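Analysis of the macromolecular model
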Amino acid sequence: QSAAVSPNGRHIACVAGPGAPRLWVRDLDRLEPRELAGTEGASQPFWSPDSRFIGFVAGGEVKKISVQGGPPITLCQSAGLFFGGSWSPDGESVVFGAELPPRIFEVPARGGQPKLLFEPEKTARGSFNSSPHFLPPEAGARSVLVRVGGLTAGDIVLKNLETGESLVL
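Read on for a plain summary of the structure.

Let us look at the environment of Lys122. Relative to the helices and strands, Lys122 is located in the loop between strand S12 (115–118) and strand S13 (128–134). Separated by 109 residues in sequence, Lys122 and Ala13 have C-alpha atoms that sit 32 Å apart.

Right, let's get into the pattern of salt bridges. Within the structure shown, the criterion is met by six salt bridges. When the shortest N-O distance is used, the salt bridge between Arg34 and Asp27 registers 2.7 Å. For Arg34, a relative accessible area of 23% translates into the label partly exposed. On the basis of relative accessibility, which here comes to 5%, the residue Asp27 falls in the buried class. In this structure, a network of salt bridges that share partners links the residues Asp27, Arg30 and Arg34.

Here the focus is the packing of aromatic side chains. A full pass over the atoms with the stated rule returns three aromatic pairs. Between Phe82 and Phe96, the aromatic rings sit 5.9 Å apart at their centres with planes inclined by 20°, giving stacked as the arrangement. Taken as a pair, Phe82 in strand S9 (residues 82–87) and Phe96 in strand S10 (residues 93–98) lie far apart in primary sequence, 14 residues in all. For the pair shown, Phe82 and Phe96 are each scored as buried. Ring centres 5.7 Å apart and planes at 20° place the aromatic pair Phe96 and Phe105 in the stacked group. No difference in accessibility class separates Phe96 from Phe105, as the two residues are buried. Three or more aromatic residues link up through ring pairs in this structure, and these residues are Phe82, Phe96 and Phe105. One residue, Lys64, lies across the ring of Phe53, its end atom 4.8 Å from the ring centre. A cation over a ring is seen here: Lys159 above Phe118, with NZ or CZ 4.8 Å from the ring centre.

Reading the values: rules and limits
- Residues numbered from 1 in each chain as written.
- Predicted model: local features only at pLDDT ≥ 70, side-chain atom pairs only at ≥ 80, totals over all residues.
- Heavy atoms only, no water.
- Helix = DSSP H or I, 4+ residues; strand = E, 2+ residues; numbered from the N terminus.
- Salt bridge = Lys/Arg side-chain N within 4 Å of Asp/Glu carboxyl O.
- Buried < 20%, exposed > 50% of the residue type's maximum accessible area, 1.4 Å probe, protein only.
- Phe/Tyr/Trp six-rings, centres within 6.5 Å; stacked < 30°, edge-to-face > 60°.
- Lys NZ or Arg CZ within 6 Å of the ring centre and 35° of its normal.

Read these as geometric descriptors, not functional statements.
Quick look at the structure:
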């Protein structure tokens, strides 16, 4: 994913050049996008629920940066490859897919040591876990959606983080 719309609908974060990819923000009330300095090598942006921060990966680290700019803040190391991230609805943590085979981790939004949430889920289409996405609190239990499958086909799995139960949707 190289672009993401903020939850408040006022900004689009995208990865673009020239040169090394970096984060750019297009405020929808302005014509010109603006580069966020210090984000060289960025990929896979995702937003905090209050639309104040953009999460991304660069240089093997999961980071965040204010939508207004300023220095990026490292949340944690990304163990190898990065397969998408999502901020929790309360803004307190970030989940992300990393490693091979991809596992799902969680790290405090202020930074810290990532904790393994669960090993790869497996469905009839494979066991490649990517693109975790927190569900809103209205969904009930603390849960994430995860794409599980192979390179060309996959399933969406609902993972209850309180009970550990999984449901292929």
